Amino acid sequence: MVANGVATPSCAYNDPSPHTDTTRGESAQASRCKGKASSGSVNNSGTRLERSSLKLPRGLQWVSANWTWSKWKPALRSAVSAWVAVVIFVIPSVENVLGQAAFLILISSFLSAPSDPLVAVIERESIILLFAGLGWAWECLAFKFADLARTVHVTNPTTTNVVSGQYLQTAPSVVVAVFFFFGSAFYMYVRARQGPGPFLFASILGCLGMDISLITAVLYPYPYYRIGQIIMVPLAFHSAIALLTSILVFPSSISAVFTTRLQGVLSSLADAIKEHREHLAADVTSPNFSATPITAAVGKAEEVLAQVTATRRLLKLDVIYCRIAPSDYNEMHQLTRRLVIVANGLSVYYTLIDPTRERFPVTPATPAQSYHGTPSVHTPVPSRPSSPDLPRSHTCEGTSGDVTHKPRRRPGSVPPSGNSSPRSFRRHSYKHIPHHSHHSILHSRLLHISMSRNPRTESAVGVFESYRYLNLEATRFAHPESEKYIAKSTELLSKSCHDLLIICETVLRESCDWLAHVREDRFNFWVNTEGKNRTCEARIQKFQGLLRKLSQELDEFTVKKRLLVLEPYRPMFDTVDDLVSCDDVPPHRYLFHCYVYQYHLMRFAATLQALLEEVIRLDMQRKHPKIWFPSLKLSKFAFWSTWEPSENSNEDDDENPEIIPGLDPSGITDLGQAVRRDPDALPPRNTLEAVMGQLYRMVASLGGGNALFAIKGGVLSVTLLLPALIKSSATFAYENKLVWAIFMAQTTLARFRGDTVFGLVTRIFSTFVGGLLGTVIWYISTGSGHGNPYGLAGVCFVCFPLFFFVRLYWPVQPMTSIIIFVTAGLVIGYSYQDTHLSTPSSPGWGFDVAWRRFVLVTIGVLSAGIFSFFPPSTTIREYQRRALATTVAELGSIYCSVISLASTRREDDITFIVQSLLAIRGKLKRSRVGKANVTYEFSMRGKWPSKRYQKILDTQLQLSYLLSDLLSVVSQLDPAWARAFLKRSRLLDPDFQGDVLAVISLISTSLRTGTPLPQVTPSPLLDRFMEGSHGLNVIHQESEDDFGLPKHLSLDTLESLQYLTFCVGVSTAFAIVTRLDRLMITTKQLVGEQYHIDGIGLPLHFRHKPTGIEMRSPTLSFRQS
């Protein structure tokens, strides 16, 4: 948040803490668990407060969305904490104890509000005090060395002489500057490396305390060791107040937050399942048909799931009195995460049948040109294009080229035929396209694509791939009756899945309701044990009934209902005539589409079965409430590994673009021997070379992004400190609070230039608004006087609840709202302190404090903005490109791991693959949020191609979901079916895999270095993937190895579950290949092309036509005739 200053686009990203009691909108989600508001415990209640019937403007709708009792409780708790701090602050005796920095108790109340559960507050406040203490120790060490360098020692100087700067000396000032540099670098490194979390506010307040202490102590002619006390005491008071209010005022637990957010996930999934039923029953061929509500519901579930994962980190440290132990929710979290992943697969069906989707490469299909069977290439959500059709000149639609139709020899099978009779099939008239005419159409479309794809100032790219894809579209994917087949297959799919979808939605609603009531009756001591036992038994019986009903429906679906989608294909097996009509037999891709949906629905229902079993187990084992204590070692408190998967996509991505948190590179050894080597040195031959190599890597690590940022921040801090170290300006700097400028410069400077500039703009705006707000409060409370403690406490009592409601839920970048109220608190605090305490320097009160604060903040943030342009200057543009290069390379590694799993059946690899895919998706989602501030990176070179980067990011996200689906498929296939799948999809063909891995490596290297790609690459991969038409067959009839599976297609094979899984695997592999082809063309659009060969890839009769394509190196350009 402070480190990068990334703007967050929605209210879901507002709260800087991952543990706030309830996420935005989740109470409303919980209330929809059973179609109405739950009547659960107060911690989960979604009951809305009374609202005005007046509809708020769009900019204020976040108020009504969060106007619930569960949302007000954290705000009221924080307001009580801050108000108690004000009351303590205005008591004269306590104010004297707090010292000259007493205002810190107000600032920290807004900066580190106790809006989180108790465990999270304890963690955060402990780290704040730890960092403040470390800063004090560092300052004492600096004072000691500065005193050794001092030549003049005065033990009892006057305050006037100290403030005048007459005791400043060069040597002590240099020592203080050096310590100030390293201290600032440390805090800024921690802030950048750890990012949003419990270390954020600790690094901010630790840096502020060091700034105040060193700037003040350097003026004294003796080591002023006790100056750190003026920082520690107010922070200690704040921490004590925060802990007490977290215990006494609407206390909350991590378990309560976790279950409430889990309700939000299940509620969104239930909404998605309801939308599935409605969409399957709708007219999918209508131009008004849209699956946006489904993708929106699943996307919402993903967002809340990221917050659930962030909460889970402290779940084992929770202390709660309840039936269910905090650690018992781990299994439910894993199952819920699996449900969200499978729900993404369910929504893929609608992208497969969408007739308006774009075709390769990027030109939108117009109604006149659209082919409904064209594979999806640019869709906003992960999708699987259809499995390739076979050439229809030798076979019926939807059958293999090796399966022809003759009079039956035996029912239920299709025998082979070496010499097909001309009567054994009828060719479709749409297949008769003259060869020259076909290429003329392709050439004209190719020219249209190349001239319309890019702006006029850019040469066309990807013409080679476009030509080959257009050829595939014209010869393989077009079908004149696509709408009829889509409507029929969707109708059959709806009939087969309707009942199972209903019970799935019911289970999700009931599970959501169970979470809402899981903490009920724990304090009802007056209810006898028998009554509680009866309630528990009734609940168990209800969920056992649900489980039986779900299991029966799933079994019926698996055995009978799912076979409804085979109706159009049964004539292939039922006919007894000599002639088999192919006109009414759809292409096999429509069956594959239905199988994809049915497969994911069965997975979804099976996961719900496990969820119900877990609910029943918990109810049977945990019948009575008890006190649950932490089950995690305290040594892990507040510390976690760099590689721990976070999934918290709601926050900035502060880590190295070369590193994916949650993915340990040491575990990537695909193909058994794929390890990285040092290109500049052979392996060490002795201990000395090993030690020097390790030392070299340690020194080289200082050139990382976080380390360079910390060094740059230290230099900026020392530069702004110079006026306080020079005699002629020391008095002016001290009296006018130079520390404000230094501190704001430190917190504004970010790793990326765009984030720094964004922070500059928002901090100036926030400081102005906050200063105005603080001034108004001050004069309302005191009038023309010099501070009325009763008036100040009264005004704060009224205003603070609203302030904290805005502070927690206003949908803006978090630091924007924080700085507004921190500035208001600073104006109030300084104004009251300067009118009641005698201090060496006084900025005044009211308006005087506000305008001085605004001027100094402006100086500080402008200094950070200017400094961000000095080297080393890192841009979000470069970071995005390098991060995408890293993720595509790791996707390639995981792709190899999945294929290795299918080949070797090593089950131990599954956990590593799943964690790696989660880590990659987390980084991609954080990158999507992190590029919001790229518009603040002013560049004279031109506009940043954000849409092209977005296409690459979306395609990689789709690949990550497809790899998850492929992992599920290969783990469920029997060994024989797995080998058949690998053979059909060519995933173990070294020639094909060499091309696939070459494409991945080319894309990664090109993105990392910005080097243009060759004009001719192994892409498109799809034509090689489609070599050897199989259609509905499992094994090609000319194949020598059948793996013990039938070469001849039969009805029994078509109805088997292994065949269904096999078909889903083929469709998924097909989708992965098309996504890699799309990734190649989108990367070419970004980096360009090189290595031109004139005339390659085009028909000979088009290469020298004057109206055709003029070939020029390094890229193709087009001229009009």
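Residues numbered from 1 in each chain as written. Predicted model: local features only at pLDDT ≥ 70, side-chain atom pairs only at ≥ 80, totals over all residues. Heavy atoms only, no water.

Asks: Mind showing me how you'd approach the packing of helix α29 (residues 876-904) against helix α31 (residues 946-972) here?
Replies: Packed helices, taken two at a time, are described by the angle their axes make and the gap between the axes. The N-to-C vectors of α29 and α31 enclose an angle of 15 degrees; their axes lie 10 Å apart at closest approach. Between α29 and α31, the angle is such that the two are roughly parallel. Handedness of the α29/α31 crossing: left-handed. For the pair α29 and α31, the contacting residues are R877, Q880, R881, L884, T887, V888, L891, I894, Y895, V898, L901 and A902 in the first and Y949, I952, L953, Q956, L959, S960, L963, L966, L967 and V970 in the second. (Axes fitted to C-alpha atoms, helices over the stretch in contact; angles between N-to-C directions. Helix = DSSP H or I, 4+ residues; strand = E, 2+ residues; numbered from the N terminus. Parallel < 35°, antiparallel > 145°, perpendicular 65-115°, else oblique. Left-handed = near helix turned anticlockwise from the far one by under 90°. Contact = heavy atoms within 4.5 Å.)

Asks: I would appreciate a short explanation of a nonpolar patch on the surface in the present structure.
Replies: There is a patch of nonpolar side chains on the surface, built from W138, L141, F145, L148, V174, V178 and F182 and spanning about 640 Å² of accessible area. At the level of secondary structure, the elements contributing two or more residues to the nonpolar patch comprise α6 (118-149) and α8 (170-194). Ranked by the residues each element gives to the nonpolar patch, the list is headed by α6, at 4 residues. Since its relative accessible area comes to 46%, V174 is described here as partly exposed. (Patch = residues over 30% accessible without salt bridge, like charges linked within 9 Å, V, L, I, M, F, W, Y side chains within 5 Å. Areas by Shrake-Rupley, 256 points an atom, 1.4 Å probe, with all protein chains shown as cover. Salt bridge = Lys/Arg side-chain N within 4 Å of Asp/Glu carboxyl O. Buried < 20%, exposed > 50% of the residue type's maximum accessible area, 1.4 Å probe, protein only.)

Asks: I'm lost on the pattern of salt bridges in this one. Help?
Replies: Side chains bearing opposite charge may pair, as long as their charged atoms lie close to each other. Counted by the stated rule, this structure contains 24 salt bridges. Where D965 meets R603, a salt bridge forms, and the shortest distance between an N and an O atom there is 3.9 Å. A residue pair is termed long-range when its members are at least 10 positions apart, and D965 in helix α31 and R603 in helix α20 (residues 588-621) qualify at 362 residues. Comparing D965 with R603 shows no difference in burial state: the two are buried. For D989, the salt bridge is made with R986, and the minimal N-O distance between the two is 2.6 Å. Linked by salt bridges that have partners in common, D271, R277, E505 and R509 make up one network.

Asks: Explain the packing of aromatic side chains to me, please; I cannot follow it from the model alone.
Replies: For any two aromatic rings, the description comes down to two numbers: the centre-to-centre distance and the angle of the planes. Inspection of the entire model under this criterion finds 44 aromatic pairs. For the pair W62 and F805, a centre-to-centre distance of 6.0 Å together with 25 degrees between the ring planes defines the contact as stacked. Separated by 743 residues along the polypeptide, W62 in helix α2 (residues 61-65) and F805 in helix α26 (residues 789-809) bring together distant segments of the chain. For the pair W62 and F805, one class covers both residues: buried. The interplanar angle of 85 degrees and the centroid separation of 6.3 Å between the aromatic rings of Y595 and Y1059 together place this pair among those described as edge-to-face. Remark: Y1059 occurs in helix α36 (residues 1057-1087) and Y595 occurs in helix α20; sequence separation between them is 464 residues. An aromatic cluster of at least three residues, connected via ring pairs, comprises W62, W67, W72, F805 and Y809. Geometry around Y809 places K71 over its ring, the cationic atom sitting 5.5 Å from the centre. (Phe/Tyr/Trp six-rings, centres within 6.5 Å; stacked < 30°, edge-to-face > 60°. Lys NZ or Arg CZ within 6 Å of the ring centre and 35° of its normal.)

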